[in-house]
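Single-letter residue listing:
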Amino acid sequence: MSLVTGLYVVLFYAATVLLVVGLAFRIKKYASTPAPLKIPTTPAPTTQSGVVLRLFREVVFFESLFKSNKWIWLFGYLFHFGMLLVLLRHLRYFTDPVWTWVALMQPFGKYASFAMLAGLLGLWARRFLVDRVRYISAPSDHLMLALLVGIAITGMGMTFVAHTDIVMVKAFFLGLMRFSPQPLPTDLLLLAHLGMVVALMIVFPISKLLHAPGVFFSPSRNQVDNPREKRHLAPWAARLESGEQR
Amino acid sequence: MADFEVPVLREYPIIPKLKEGTMAHSSPFVAKPIIQEPLGFPGELLDNWKEVAIEKMGELCGKYRSLQVYLDSCVKCGACTDKCHYYLGTTDPKNMPVARQDLLRKVYRRYFTFAGKYFPKLVGAADLTEEVLDDWYSYFHQCSQCRRCSVFCPYGIDTAEISMAAREIMDAVGKGQKYCNEIIGKVYKIGNNLGLPEPALRDTLEGIEEDVEDDTGVKVRYPLDVKGADVLLVTPSADFFAEPHVDGLIGYGKVFHEAGISWTFSSKASEAANFGMFIGSYENMRRVSMRIREAALELGVKRIVFGECGHAWRVAYSFLNTLAGPFDFLDPRYPVPQHICEVTNGLIKEGKLKFDKSLNDDMKLTFHDSCNVARASRMGDKPGGQFVIPREIIKSCCNYFYDMPADTIHESTYCCGGGGGLLTDDLMELRVKGAMPRMQALKTVVEEHGVTNLVAICAICKSQFAKTLPYYGFDMNSIVSLHQLVSNAIILSDAPKDDDENDDDGDDA
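Okay, the sheet that holds strand S3 (residues 303–306) of chain B next. The strand order across the open sheet built from four strands is S2-S1-S3-S4 (chain B), with neighbouring strands paired in parallel fashion. Only two strands of the sheet have a single partner each, and these edge strands are strand S2 (263–264) and strand S4 (338–339) of chain B.

Right, let's get into the interface of chain B and chain A. Contacts between chain B and chain A engage 57 residues on the former and 55 residues on the latter. Those elements giving two or more residues to the side of chain B that touches chain A turn out to be helix H2 (49–63), helix H3 (65–73), helix H5 (97–112), helix H6 (114–118), helix H7 (120–123), helix H9 (148–152), helix H15 (310–324) and helix H17 (371–376) of chain B. Of the residues forming the side of chain B that touches chain A, the biggest block, six residues, is contributed by H3 of chain B. A breakdown of the residues in the side of chain B that touches chain A according to their chemical character gives 28 nonpolar, 16 polar and 13 charged.

Residue and element names in this part refer to chain B. Spatially, the three strands line up as an open sheet ordered S5-S6-S7, and their pairing is parallel. For this open sheet the edge positions go to strand S5 (365–367) and strand S7 (479–481), each flanked by a neighbour on one side alone. Sheet twist, expressed as the mean angle between neighbouring strand axes with direction ignored, is 35°. Note that S5 and strand S6 (residues 453–456) share three bridges and pair parallel. In the strand pairing of S6, Thr 366 is matched with Leu 454.

Within the largest apolar cluster, 181 residues are counted, with the highest numbers of intra-cluster contacts made by Met 116 of chain A together with Ala 165 and Phe 306 of chain B. Broken down by element, the residue count for this core peaks at nine residues, all from H15 of chain B. Lining this core are residues from two domains, each supplying at least three of them: domain 1 (33–176) and domain 2 (185–402 + 451–489) of chain B. Excluding anything up to four places from it in sequence, Met 116 of chain A contacts Leu 78, Phe 79, Gly 82, Met 83, Val 86 and Ala 152 of chain A. In terms of nonpolar packing, the next biggest core, distinct from the first, is built from five residues, Tyr 8, Leu 184, Leu 190 and Leu 194 of chain A among them.

Residues and elements named next belong to chain B. Along the chain, Ser 487 turns up in helix H22 (residues 482–489). On the basis of neighbour counts, which here come to 24 C-beta atoms within 10 Å, the residue Ser 487 falls in the buried class. Ser 487 sits 231 residues away from Phe 256 along the chain, and the two C-alpha atoms are 11 Å apart. Residues within four places of Ser 487 in sequence aside, it is in contact with Asp 247, Ile 250, Gly 251 and Lys 254.

The subject of this paragraph is helix H12 (residues 198–216) of chain B. Over its 19 residues, H12 of chain B extends 27 Å from the first C-alpha to the last, a length consistent with the 27 Å expected when each residue adds 1.5 Å. Of the residues trailing H12 of chain B, Gly 217 of chain B is marked for its positive phi of about 80°.

Reading the values: the criteria
Residues numbered from 1 in each chain as written. Chains lettered and ligands numbered in written order. Predicted model: local features only at pLDDT ≥ 70, side-chain atom pairs only at ≥ 80, totals over all residues. Pairing = 2+ DSSP bridges. Helix = DSSP H or I, 4+ residues; strand = E, 2+ residues; numbered from the N terminus. Contact = placed C-beta atoms within 7 Å. Nonpolar A, V, L, I, M, F, W, Y, C, P; charged D, E, K, R; others polar. Axes fitted to C-alpha atoms, helices over the stretch in contact; angles between N-to-C directions. Core = buried A, V, L, I, M, F, W, Y, C linked by C-beta atoms within 7 Å. Buried ≥ 20, exposed ≤ 12 C-beta atoms within 10 Å, placed from the backbone. Domains from an automatic or database assignment. Expected span 1.5 Å × (residues − 1).

The following block contains the structure:
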């Protein structure tokens, strides 16, 4: 096993562990922290199924963002759904045989990368062009976009310009999953692409990418509007009450 | 008129270019020890305030999921940046919701996140310093907790939650706001925000009874501490004498009178507002709420109804059951609590109230959705009832009603500019500038429909508009209470008949 392969094997295992464990801890923290008061942004659904629908609209259509700003919505939507298709297409490198629907969506997944890149560039442009967004942007906000743009461009480079040995790449990932590492091609485009993906996986649980789990735990979106019908009491508030009565 | 520049109303609303530091000088009076201590807060800034603040921040992140998730989740997309009325009115970038949150978030990142601990510059994390604390004090008292930003945030991040946490942290280190904390103290000591003691209250209500009798010829009662009444009415104390609030209170009494519902005020719970929410203090909010439960038990009422008050209705509707429940000792056929608008509209639908709409024909009306009613509560049994029910009441008793532009009402309504514990004279510049977006929307309907009056169902909105309308060239008296319109137009069936015009109720047999 070459040095490069060895390095990427270690990186991918480490990044996967950090991503999974880091996210699990974060999600556990969100789930176990009580929301002591009913604070849905109203008008809000009055039933649990209504809340599921509200979150569905939020995650699938970016409903609130659409109300807010059509440009951010457009760029954000292009980026996220472009990326979703691209990621789904990438399943072919982790499954053998390739699932039929993944095979069928191959062309969509390929060209979705353009949407993803366009969305990212649009979002990035706003960080320079709109004075309000420029004001709130930290270096990490630019870096995050740079990282994603880098991943998109190197990936598109391999898809549309200089192909890598994709059979070998697939063998490498299947090997990782089966704990029997296989050699990785060493062309720079691929190594850059994978290196940046590793970086993204590592920063995910310690950065603003936490908005992904966060949206599901946002009390203003996930609470049922029924405070008069059903008494809502957090454990620490209940202890406060019983402490008073004693 | 003002020692600051009043924003200009334009042909069309615009998103202004930002100007740094325009409101850095704005901050309310700091509470003195004598105000702080009864609430359980340190009298003045602690020597070890930094440690205490960081510790409090950690504690709050563990107690409030909202705070924890909101501090982590913001991606700085910019969706909220043009949504705050204080940003639109002041152009200070720290009044953009995300930038306001970042004042707290940068400290959270520095002390509680990996990236902020090791790469502070990269992620915009910062140490907690005196300058940061001053910024907190200034800008977390430039947020009226109106939740408009939370409507537009893709993750529902609510700056109100962040502001409440920041204020709670500041209280914990001994830097409290005089206005809010003094008022909470008055509620504990006397029973209401204005410090009206029981005899004064009784006097005021007797005066109102006389006035109403003079005016209508009907002995409408405004009872206080009547045991065994069906309804306990809890209303903001401004309703007892401020204009136009008191005209609304007169309306409540007429509604109960005409419907034959026995009701009472309580001198113990003579205040609907709960300033505990403004300072983010669950304990104080609970203590203030418990007065209402105790009053209901002592008076033996069957229902609790709240008067026109925005933030009060949020605490009542969304939190009262949590803070002071369960209310299993009340009549289960009615929601606990009810809004006076729910009661009035219900009676209208049952045909128990009759109006002569022409009595409001001197006014062309528009309705200001109060922020906390619109975005933090509900009326009726359907989502959005808080928009429908007040408008139905207005249309039942007025002939001329016109809504302001769609992006300034309902869930997108603008705060009046004085909510969330900012209705104090030491923040007048902020209040005037923060009222600008609502004034801009009002201007539209004034020009298009000749609207003469703005209706509100919140004590803060009413006081704030009475003060700020003149800065924009409107008459201070153009703000009216919703139940003032009810009061104007209601036909009291036991009124002495001085002519035959109103005699169509068939009671002349």
